[in-house]
Every structure is written in structure tokens, then in C-alpha cells.
Amino acid sequence: MQGRIACANVLSDLYAMGVTECDNMLMLLSASNKMSEKERDTVLPMLMRGFSDVATEAGTTVRGGQTVVNPWVIIGGVASAVCSENEIIVPNRAQIGDLIVLTKPLGTQIAVNLYQWLLGNSEKWQRVKSIITEEQVRTAYQESMYQMAKLNRIAARLMHKYAAHGCTDVTGFGILGHAENLAREQLAEVQFTIQNLPIIARMAGVEKAIDSMFRLVEGYSSETSGGLLCVLSKDAAPRFCEDLEAIEDNPAWIIGVVEAGNRNAIIRSPRIIEVVTEMS
């Protein structure tokens, strides 16, 4: 699964630009010097297989890379494509009145850490176990794995169909951090106002119980291989969401609006959307 997530995360940089076809991938793999030879021979092929499987799903091939040894197990890579101008969604065309769409729920950082707290029976688990069951923790963890390993390719295709005015993927800076970065690039003087936060079920409650340690509701909790944050016209955004759900059987959400501003982004009195799936 780690290999699958890593590949999806690498490809997401292309998809955020509307590039749906990847011409070449390279894999970077780090073996831990703390592992025995048997552990390396077991774990590394699984990582490589997961990475390669997702590359195949994306219609591309891993053609090379590099393997190193250090204290940690690491997998990542590079995705590249040769494109014509009409294959790229230019990220700076947001207009006042546009709507902002998110294609995956937030909260993966909390879900993964929560699962580790449970396994280690840590002090943090003791703080939250009164508000969430072990089964619910495992469900949230599985949901986060599924979301992180899912490609953003279909959403990238739909951005062309509905003439998106800009996009970024949501990863290490959190949703507000990436919205701020995108807002700064706009030609028009606009503000991205986020009003809804779709979050994996129960993760907002966990975040509150640990004194907002990850700053999830503030918009700065890191995501890995998160969704696309797309800017679409008022008419196109609902149809984009409908199409994506019809194809993937997973929802997307209109989370905000583009207003007049100073090329900035804010979260204003957010409504928390508890994202409950069949796993939940």
C-alpha cells in the first residue's frame, strides 16, 4: 500500500495541471540499514509492486530510478510528460463568482496517527478512546489508505470537460496552505473563501480532543496524495461533482467561493462535513 500511495502522490502533480497522460516515471527507493536481509527481501518487492501497479493503472510505466540505503524505508519518484498547451489547465484564471471544489476528504494525517496511537496504546490514545472505538479507528485508517492510493486522473480529465479556471493538489501544506499558494498566482484580484471542510468521519472530533494538534480545521493539517482543489464556474462546479461521483462512486464537494480580494485565501466559519463511506 505504501508503494501505491507514493505513486499516486507523484502522479498528482501532473493531474493538478490537467495533464492526464504520463510519459515516463522514475522510482526512488530507499532500503533501511536497520532491516535484516530477509526483511529487505520481503518489504522492498512489495513497495515496488505497489508503485508499479498504480503506474500501470495510470497508463504509464516505471522506466528507471535509483535505490539507496539509509536509516528509513522511503519510496517516491518523478513523473513527466510532454504536452501541448491545450493539454494543460492554466492555474491562474479564477474569476469572482467561481466555486471551489475538493475531490477527496481531509483528515488522513489524523487517521494515520490515530491508528499508530492505538497500536502503541499511547498517552494520546488514552485521551481520545472515550470518543472513538477501536473499530472506528481502523475504519478511518482504511478509508485514509483508500483515498491516498486513489488516482486524481478522472478529476483531471473532467477539469478539461468543464474548463476549470485553476487547480492545485492538497498535500503537505494543508488545504488552506495550498489554497493560499493558488490564490497568489491569480491574474485577477480575488480571495478564495473556504466555507465547508469535508473530513473523514470522526477525525474532527479527535482533533478537538487533542487540542487541535494538527490544525485540521484551521486548514493546515498535512495530507498525502490528497484531492484536487479545483476552481470552476458557478454552472460547471455542480456538474463536475455529479460526473465525478457517477464515474468513481465517490463524492466531491463544493467547499467555497471566489470573491474579490487580495490574492489570498481564508477559511470562514467552516461547516464540517462528516464523510461517511461504506467503510465507516
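Because the structure is predicted, anything quoted here is derived from the model rather than measured.

A. Quick peek at the side chain of S30. With respect to the helices, strands and loops of the structure, S30 is situated in strand 1 (residues 24-32). Ignoring any residue separated from it by four or fewer positions in sequence, one finds S30 in contact with L44, V68, N70, W72, V73 and I74.

B. Representation of the packing of helix 1 (residues 2-15) against helix 5 (residues 134-149) within the structure. One can describe the packing of helix 1 onto helix 5 by two numbers: an axis separation of 8 Å at closest approach and a directional angle of 45°. By the angle class used here, helix 1 and helix 5 are oblique. From helix 1, R4, I5 and A8 reach across to helix 5, where they touch M145, M148 and A149. Tallied by class, the residues present in the contact of helix 1 with helix 5 amount to five nonpolar, no polar and one charged.

C. Seen up close, the packing of aromatic side chains. Taken as a whole and assessed by the stated rule, the structure comprises two aromatic pairs. Summarising the aromatic geometry, the rings of Y115 and Y141 are spaced 3.9 Å apart at their centres and angled 15° between planes, so their arrangement reads as stacked. Of this pair, Y115 sits in helix 3 (residues 108-120) while Y141 sits in helix 5, and the two are 26 residues apart along the sequence. Take Y115 and Y141: they sit in the same class, and that class is buried. An angle of 20° between the planes, with centres 6.2 Å apart, marks the rings of W117 and F214 as stacked. Note that W117 is positioned in helix 3 and F214 in the loop between helix 8 (203-209) and strand 7 (228-232), a separation of 97 residues in sequence.

D. The arrangement of the sheet that holds strand 8 (residues 253-260) in detail. Ordered in space as 5-7-4-8-6-9, the six strands form an open sheet in which the pairing is mixed. Every interior strand has two partners, whereas the edge strands, strand 5 (166-169) and strand 9 (264-275), have only one. Within the sheet, the average angular offset between the axes of one strand and its neighbour, ignoring direction, is 20°. With five bridges joining them, strand 6 (residues 190-200) and strand 8 adopt antiparallel strand pairing. Looking at strand 8, one finds that V190 is bridged to A260. The strands that helix 7 (residues 174-184) touches are strand 4 (99-102), strand 5, strand 6, strand 7, strand 8 and strand 9; relative to strand 9, the one it contacts most, it runs at about 140°.

Calculation rules
- Residues numbered from 1 in each chain as written.
- Predicted model: local features only at pLDDT ≥ 70, side-chain atom pairs only at ≥ 80, totals over all residues.
- Heavy atoms only, no water.
- Helix = DSSP H or I, 4+ residues; strand = E, 2+ residues; numbered from the N terminus.
- Contact = heavy atoms within 4.5 Å.
- Axes fitted to C-alpha atoms, helices over the stretch in contact; angles between N-to-C directions.
- Parallel < 35°, antiparallel > 145°, perpendicular 65-115°, else oblique.
- Nonpolar A, V, L, I, M, F, W, Y, C, P; charged D, E, K, R; others polar.
- Phe/Tyr/Trp six-rings, centres within 6.5 Å; stacked < 30°, edge-to-face > 60°.
- Buried < 20%, exposed > 50% of the residue type's maximum accessible area, 1.4 Å probe, protein only.
- Pairing = 2+ DSSP bridges.

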